[in-house]
Every structure is written in structure tokens, then in C-alpha cells.
Amino acid sequence: MSAPHRRTPQRPLTAAQAVEQARELHARGLDAGHAGRETTEHRLLLRALKILESAVSADPEWVRTWIRLQVTLAFVEAELGKTGDGIARLDAIRPQVLALEDEPIRSELNGFVDGNHAGILVRAGQYDESIPLFESARAHKERALRMGTEDPRQMTDSLVGTITNLGLAYVELGRVDPAIRNLTRAIRLGQNHGFAMKLAYAKHVLGDLRLRTGDVPAALRCYEEAERTYLEIGPDMLGRLRIDQGQALLTAGLADEAGRGLDEVLPQMREQRVQQDLAEAEAVRATAALLEDDLGLARRLAASARRRFKRRGSDAWAALAALIELRVDVARAFTEKKVPAKLPARAVAMAAELTEFRLFDEAALAQTLAVRLELRRDNVDRANELLRGLRKPGPLTTIDQRMLVRLSRAELAVAEGNRRKAFAQALAGLAELGQARDRMGGLELLSGTAIHGQELGDLAVRLVLDGGDSPAEARRMFGWLERTRAQMYRYEPVSRADDPELVEVIAAIRHLGHTLRQARLDGRPVGKLQARYAERKRAAMRLGWHAASRWGKPRPVADVDDVSADLGEGVLISFAVSGDSLLAVVLVDGAVRLIPLGSSSHAIENARRLHADLTAIAPDVLSQPLFEAVSASARKHANALDAQLLQPLSRIIADRDVVIIPTGALHAVPWGVLGSLRSRPVVVAPSATAWLGAVRSKPRANGGTVLVRGPGLSAAVGEIDKLAAHHDNAILLADNEADVASVMIALDGAELAHIAAHGEHEADNALFSRLELIDGALFAHELSRLQHPPRQVVLAACELALSRIRPGDEALGFAGALLAGGVDTVVAAASKVGDLPAAAAMDDYHRALASGATPAVALADAVAVDPFRRPFVCLGSGTGQRGMA
């Protein structure tokens, strides 16, 4: 029988061994933290501290290691628990640091203690209190470097972080000059010493500064540069980055994009349990939901964020989350048209609380809400009192808050019976919004900002309607509609150089799309390909927000006299909505009339059903009973639209050519199917200003005709050889010649470009609406690269006249991108169209063009042959010469 095994007693660690093991665990903990695993980091740090304290020593290396562990633990505990816990741990070790005799080590450790203390305060929103500590940390670290330190590179790396965080504190306080000074120094040091992560973080914070000063494209560019590094070596920072990107996108009015980006990272952030970042992400996501009118989601997320902030002891942040909750409750009260008696007082109390935290802009926002609530309760004197005490917007006040202040002043003026003052406030507000829009980059940003002025524009429209339908009020209505709709089309297109990175990403998307389509045809799994395709599209969208240079100067808003001069004997009909009321603003013979047209919801429903029916009867092969049933439904809805929208205007329209400015769902109407417009030249434009800009476009050198055939078309619709017979010296690109690069080269400078290719409108991501060519998709995103856009583009085989309609009737899609980029006229289908009717319509259209007809006239004749199977529309100017056809 063997003797029982006895465990050999473990010898106590020496101080040197304890230091070595503790440092190893400390390093592992930091790696876990950088990977976003803060709970693992905390566990490893506690183990390291336990090991180190098992062999207490007065040796300087032991003391230095112990203090460094305590400093890191303090920050991690503040992140995972309460701010006060971290600060208490730091305060407890300060005496030990001060007792150190070695001055370089004392300076080094003082720098770490003060820097982390300041960092904890920044995370809690206590920016003023953090700055002296950051300055102290910077001075200590610089002193340690001058006196000599064990690891100068590590100390310099730490110094760059401190300087960047100091810049961040100044950014949050709106102190631009010291922020720029510190961030410029941090970026220079990061570049000189090759500190990739610190350089990325400094650029990230510089993006925050650009956002505060209103330069959204520059902010997004900084964030994009930082993201490249984060993806490689700092994934724990991606959540923080999405928060700040979300703020920038909200400023640009792109709440859907902000929400999408945060939804990608929120699940991981909840797993990591970094309460501050998670709470901030929930707060920004709540704001995005609020802008999208998802009040339930906004309320839940804002409440969750407030509770997290409270648990951390971040009272200022908790107040900001409570402000979002207040905004949700105000929005709900306005929707329900019932303001609880206690809600105005709550807003005033919120303003006072935010003022105590020195959050002056946010306090002003709460007080502005109180003004609007009192007005809804008919307490005009109280609203006036609150408005007089409102802090004026400063140079860094966000555009949405500026618009809210203007709106409250206008609403007060209305309540006091001062229409003139109300109009003045609306006009001033829209001018401010225009200045903010002028700083935007890509079409997405240009179109998104309209949301901030929507309520102000709606108020002006209601005011005009309240004034009656006199000719003067009708002219006023025309002016207000032009100031508030389709503003992105006011900007003159300018030549812009290709952004190499964006071009590379678009090429990757094209390749992935081609591969994905082939995999589906082969029946192979597509999950990973689909995910990669979606990720690359998001990357391209983010690059597009800032990669394109700013557009040219905005054209003046068109006035009645200017439009009338070019309209000639034609008639312009601008549809508009106020509440559930639909109206037409009609310009004819220099006079403007205002005509009510009944319920907007009724018109919208008929427009949507008509679109669905036209799509259903598009296929070439359809059973006769089904075709007849759906056709009857389409005629029914077309007749209903005609009766509501056009028959009340029949005497005014008479036999004139027509320009239509749609609103909302009416953008999807193929107007040739309506009886009143059968065989009549009709041009559809985003606004009268956009129409006038297209009509008055600068003369260009006469280009040629380009005919393109994409892959997979039926023989009928792909017969570009037949179309070529109508044009002299037409360039034909078909089969393997019709690749993206060749088509883009051919389009540049052409007079007429006809593209017969399958395509698809993407409602959720309009600038990725596409045409399929032999080597993959040609995206709407790419069209801004054309130096000399064609004068006319015909899209023969797809529904690319469709657009995503953002607030302010900003129509974004393939055809819209062409028009915004300088194409005068676009002919495209407003719904799906069969191959045979498309081919027949295009043959008729080109024959008429060759005989000298303008695009509008040629299309009217072509569509009239079979309007329900040929749902094409003429967008833009519709004329080959100045004036109406």
C-alpha cells in the first residue's frame, strides 16, 4: 500500500516575484480592457493586487507597481460601478505617491493619478473640474520625461493621451481655441512617434470638435480615419465611435443611419457592461428614435440610460437622459393634442436642473419646450415670460435647437395675432438652416438637414392657408413651398475629383454583388457574402458623407416672375400638404391660384394602390383574367386620383403643357395614366427652383448619343441596334463592352444616353439604387463622378424614377442623383414595366426625338399608346430648348 500523497507547501513569493506576476496580470487585464472585456480586466487586476499585496515591500518597484494597479483599478471600477468608487480609490493612494522620495517616479505616478482622476470626471460629464487635473497630469508627465524615466516611449504615449483628453474636455465646454491647440499637439506627437492608437483617438476627438463647430462632413471624415485604426488594433473604441458618429448624423438629420449604426454595436456594448458608454449609446439611439417618431422606443431607451447614469453617480448625464424623456412626453402630448397641466412646470424644473450643471444649451432647450407647452395651454403671457428669459443661442448651439427657438418665437407671434412677426421668424430660421446646409457634403447630408426645418415650414404653410386664397396669399404660398422643399436640388453641381478610397470600396461592392448574384443562381450558401456586401455598402455610405467635395453655391429660390417667364404658356402645378389637407398652387399666365383638393390621405392611398397595380400588370406573361382584374383596379385608382387632383383644375390647365411638383407619395405617380393628362406633355420636377435651374442650364458642346444594353435583357428591350437607326453616329455598348468603366466614360459629355439594363431602387439606401452592367452594378452613388453629365438620360428597363422621400420632399434615388448632378432631363419608369411595352415605348420615343420633338412631347406620345403598361415619366426640364415645349 503506497503512502498517501502530500501536497508540497507553496513557498511565499518574494517581492520581486510578486511584482513580476502582478505586472503580467496587469498587462493581461489592459489587453482585456482594450478588447472590450472590462469585467475580465477587473478580475485580473484584483488577482494582480492580491498577489502583489501578499509580499508587501518598500522597494520602489513594488510601490510603483502597486500604485499603477490602484490607478487602473480606480478607472475600471468607475466604468463598471460608480464614479465615486473610482475617485475614492485614487484619493486613498495620493498620500503614498506624495511620500515617494524618487522625484522622477513621483512625477510619473502623480501624472497617472491626476490623469485618471480627470478621465473619470470627464466620463461623468464634469468637464470644468477635469481641466486642472489634466493640466497637472500633463505637467507631471512632461517633468518625468525631462528628468529621465525608465520607459520614455511609454511615458510619451501616456502624455499624448492626456493632451488629447484635455482637448476633449475643452471641446465639451465649447472652448474651441484651447481644444484645437491641444489636439494639434497630440496629433503631431502621435505622428512623430508612431503611436497609431493615440493618433486615431486624437483624430476621433478632433471629429468631436468639428461637430461642435457645425462642420459635419469634416467630423465624419475624422471619425472614418479613426475607425480604420480601431478596427485593426482598438475594437473596444468602436462603440464610442458609433456614439459620436450617431450625434453627427443626427445633426445632419439622418436619424435612420444613426440608429442603424448604434443598433450594430449596442448588443456587444451590453455584453461588455461599460455603463457610461452603454448609457450614452442608449441616449443617442433614443434621440434617433424620437426623430423617427418611434416614441415608445425613445422613451424606453432614454429611461434605461437615465437609470444607468444614476447608478454611476453621473448626475449631469442623467439629467441629459431625462431631457430626452421630456422631449418624448412633449411630442406625445402634441400628437394627442392634450398637454397635462404638470408638463410645463416639469420642463421649467428641468431647465433649472440643467443650468445647475452648466449645461446652458440643454437648459435653453428645456425652457423652449416649456414655452411651446404653455402656448398649447393658451397661457400666452406665461409663454412670453419664459421666452424673454431664454438664453440666446451661442455660436456652438446646434441647428436643431436654433430651429426650435425660431419655432417657439413664431408660435408665440401667432398666438399674439402677429402674422408678420411669425413669418419673419420662419424666414430667419430657414435662412439659418440654409447656412448649415451649405456646409454639408454628399447628397445624403444635403437632403437630411431638411428635417430640422420641417415644423417651421409647416407653420408658415398653415399661416398662409389661414390668410385665405387671395392672389397675394397664393403668391406667398408659392414662395414658402420653394423655400422648404427639395433644397438639395438648389445647389449647382461642380466637378469633383474621384476619392480613391471610395472608388475602391464601390469596386469591392460591385464585385461582391456580382459574386452574390452568381452564388444565388448556383444555389450556394450566401450568408457570409450577404453580410460582407451589406458591410461594404455601409462603409461606402459613410465615405460618401464626406468624400464628395461640397456642392457649388445654392441657386436663389425661384420667384413667381422668374418661373412664369420660362413657363410661357404652360402651367405649373405644385402640390402641398398641410395636416390632412391637400392643395394645389397653380401658376399660369403670371398669376398664382390656391386650390384645395380634399384629403391628402385619400390621395396617398390611391397613389400607393395605383403603384401596386401597375407593378402587378408589368410582366409580359400574365393570365388574361388576372390582367383584366388588376387593370380595372389600376383604372379605378387612376380615375380617383384624376378626379381629386386634376379635374378641379381642368379649366386652368385647358390644353397647356404641364409642369408638376409632387409631394410625398405623389412622386410615384406616372402622370400619363391620368385621363386629364393623356397625350399631354408633362414634366415632373422636385421644385420650381429645380425645374428653372434645369431649363436654364448652361449651354454645352454638342455631345453624341450613347446606347447601352446591360446583361440578361429580353431581345425586345435590348434592341439598341434598332434605336441606333434613329440617331446619327450613335455609340453602342453591349455585351462585354457594357462594363461600368466604359459606360461612365461614354456618359461623360454625351447629349443623350439611353441605358437598357435591369435595375433596382433601394428604398432604405437610395444612393445604392443601381443598374446592372456586365461586370456588376452601376450605383447612383457613382454618378457625381461625371465631369460633364449627359443632357438627357433615358433609363429604359427599370423603375428608377422612384425616390426615397425625406422630410421637405427631398427626393433621393437614381434619377434624383442624376438631376442633382447636372443632368437636365431623365426619362424613367415610376413602376415596374414589362420588356415588350418598354421596348415599344422606347422605339416610339426615339423616333419622335429624331423628328425634332422635345423629350416631354416625345414621351407623352409614346406613353399615350398604352399608358398603364408604359408608366414612364419625364423628370427635370423636359425640353431641349429654353421654355416649355
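All values derive from a computational prediction rather than experimental measurement.

### Overview of the overall build of the protein chain
Each helix and strand in the protein chain was counted, giving 35 helices and 16 strands. Computed over its C-alpha atoms, the radius of gyration of the protein chain comes to 32 Å, within 12% of the 29 Å expected for a compact globule of 885 residues. Overall, the C-alpha framework of the protein chain stretches about 105 × 75 × 60 Å when taken along its three principal axes. Going through the 885 residues of the protein chain one by one, you find that 58% of them count as buried. Within the protein chain, contacts between residues at least 6 apart in sequence are counted, and of these 72% link residues at least 24 apart. Computed over 111 positive and 113 negative side-chain charges, the separation of the two mean positions in the protein chain equals 4 Å.

### A closer look at the packing of aromatic side chains
The relative placement of two aromatic rings is captured by the distance of their centres and the angle of their planes. Counting across every chain of the model gives four aromatic pairs. Plain terms: the ring middles of F423 and W480 are 5.7 Å apart, the flat faces sit at 25° to each other, and that makes the pair stacked. Separated by 57 residues along the polypeptide, F423 in helix α20 (residues 419-437) and W480 in helix α23 (residues 471-484) bring together distant segments of the chain. In this structure, F423 and W480 share a single accessibility class: buried. Between R376 and the ring centre of F334, over which it is positioned, the NZ or CZ distance is 4.1 Å. Directly above the aromatic system of W480 lies the positively charged group of R483, at a separation of 4.9 Å from the ring centroid.

### A few points about the pattern of salt bridges
For the coordinates displayed, the defined rule picks out 51 salt bridges. The salt bridge involving D263 is made with R285; its shortest N-O contact spans 2.9 Å. With D263 in helix α12 (residues 255-272) and R285 in helix α13 (residues 275-291), the pair connects residues that are 22 residues apart, well separated along the chain. Between D824 and R791 there is a salt bridge, with its nearest N and O atoms 2.8 Å apart. Placement of the pair is D824 in the loop between α33 (814-820) and β15 (825-829) and R791 in the loop between β11 (776-779) and β12 (792-795), with a sequence separation of 33 residues. Here the two residues D824 and R791 agree in accessibility, since each one is buried.

### Re the pairing of β15
With respect to burial, β15 is a largely interior element, five of its five residues being buried. Residue alternation in β15 divides its side chains into two sets, T825, V827 and A829 and V826 and A828, and both sets are buried. Note: β12 against β15, three bridges, orientation parallel. Looking at β15, one finds that V793 is bridged to V826. In terms of strand pairing, β15 meets strand β16 (residues 872-876) through five bridges, oriented antiparallel. Across the sheet, residue A828 finds its bridge partner in β16, namely V873.

### Concerning unusual backbone geometry
Among all residues save glycine, negative phi is the norm, and among peptide bonds the norm is trans. Even without being glycine, N729 reaches a positive phi, approximately 55°. Residue N729 is classed as exposed on the basis of its relative accessible area of 75%. Phi at D735 takes a positive value of approximately 55°, unusual for a residue other than glycine. Tracing the backbone through its elements, the reader meets D735 in the loop between β7 (731-733) and α32 (740-747).

### Describing the packing of helix α11 (residues 238-251) against α13
It is at 9 Å that the axes of α11 and α13 come closest, and there the two elements cross at 25°. When the axis of α11 is compared with that of α13, the two are roughly parallel. At the point where α11 passes α13, the crossing takes the left-handed sense. Two secondary-structure elements touch here, α11 through R240, I243, G246, Q247 and L250 and α13 through D277, E280, A281, V284, T287, A288 and L291. Partitioned by chemical class, the residues of the contact of α11 with α13 number six nonpolar, three polar and three charged.

### Some thoughts on the sheet that holds strand β10 (residues 770-773)
Across the sheet, which stays open at both edges, the three strands sit in the order β9-β10-β11 with antiparallel pairing between neighbours. Every interior strand has two partners, whereas the edge strands, β9 (759-760) and β11, have only one. As defined by bridge partners, β10 adjoins β11 across four bridges and the pair is classed as antiparallel. What sits directly across from E772, in β11, is A777. Strands β10 and β11 of the sheet are contacted by helix α24 (residues 500-522), whose axis makes an angle of about 135° with β11. Contacts from α32 reach β10 and β11, with the element oriented near 30° to β11.

### So, the layout of surface pockets
Computed from the structure, the second largest pocket encloses a volume of approximately 950 Å³. Lining the second largest pocket are 42 residues, with P493, R555, G693, S697 and K698 sitting closest to its centre. Sorting the residues of the lining of the second largest pocket by element identifies α30 (688-695) and α33 as the ones contributing at least two each. When residues of the lining of the second largest pocket are assigned to their parent elements, the largest contribution, five residues, is made by α30. By residue class, the composition of the lining of the second largest pocket is 20 nonpolar, twelve polar and ten charged.

### A word on the nonpolar core
Core analysis: the biggest nonpolar cluster contains 190 residues, and I67, I573, F575, L645, W671, L795 and V826 have the highest contact counts within it. The leading source of residues in this core is helix α3 (residues 60-80), at ten residues. Excluding anything up to four places from it in sequence, F575 contacts R485, L583, A584, L597, L645, I660, I661, P662, T663, L666 and W671. With 94 residues, the next largest nonpolar core counts A410, L463, M477 and A688 among its residues.

### Notes on the environment of M147
Secondary-structure assignment places M147 in helix α6 (residues 127-147). For M147, a relative accessible area of 37% translates into the label partly exposed. A sequence separation of 42 residues divides M147 from I105, and the C-alpha atoms of the two residues are 9.6 Å apart. The contacts of M147, once residues within four sequence positions are left out, are E103 and P104.

### Observations concerning helix α26 (residues 560-567)
The complete set of buried residues in α26 reads V560, V563, S564, D566 and L567. Where α26 is buried, its residues contact α23, β1 (571-578), β2 (581-588), β3 (591-599), β4 (658-661) and α30. Directly after α26, the chain includes G568, whose backbone phi takes a positive value near 60°.

Calculation criteria
Residues numbered from 1 in each chain as written. Predicted model: local features only at pLDDT ≥ 70, side-chain atom pairs only at ≥ 80, totals over all residues. Heavy atoms only, no water. Helix = DSSP H or I, 4+ residues; strand = E, 2+ residues; numbered from the N terminus. Rg over C-alpha atoms; globule rule 2.2 N^0.38 Å. Buried < 20%, exposed > 50% of the residue type's maximum accessible area, 1.4 Å probe, protein only. Contact = heavy atoms within 4.5 Å. Lys, Arg positive; Asp, Glu negative; His and termini not counted. Charge placed at Lys NZ, Arg CZ, Asp CG, Glu CD. Phe/Tyr/Trp six-rings, centres within 6.5 Å; stacked < 30°, edge-to-face > 60°. Lys NZ or Arg CZ within 6 Å of the ring centre and 35° of its normal. Salt bridge = Lys/Arg side-chain N within 4 Å of Asp/Glu carboxyl O. Pairing = 2+ DSSP bridges. Axes fitted to C-alpha atoms, helices over the stretch in contact; angles between N-to-C directions. Parallel < 35°, antiparallel > 145°, perpendicular 65-115°, else oblique. Left-handed = near helix turned anticlockwise from the far one by under 90°. Nonpolar A, V, L, I, M, F, W, Y, C, P; charged D, E, K, R; others polar. 1 Å grid on protein atoms, 1.4 Å probe; cavity = no way out; pocket = protein on both sides within 12 Å on 5 of 7 lines; lining within 4 Å. Points joined across faces, edges and corners; volume = space filled by probe spheres on them. Core = buried A, V, L, I, M, F, W, Y, C linked by side-chain atoms within 4.5 Å.

Everything listed is a geometric property; what it means functionally is a separate question.
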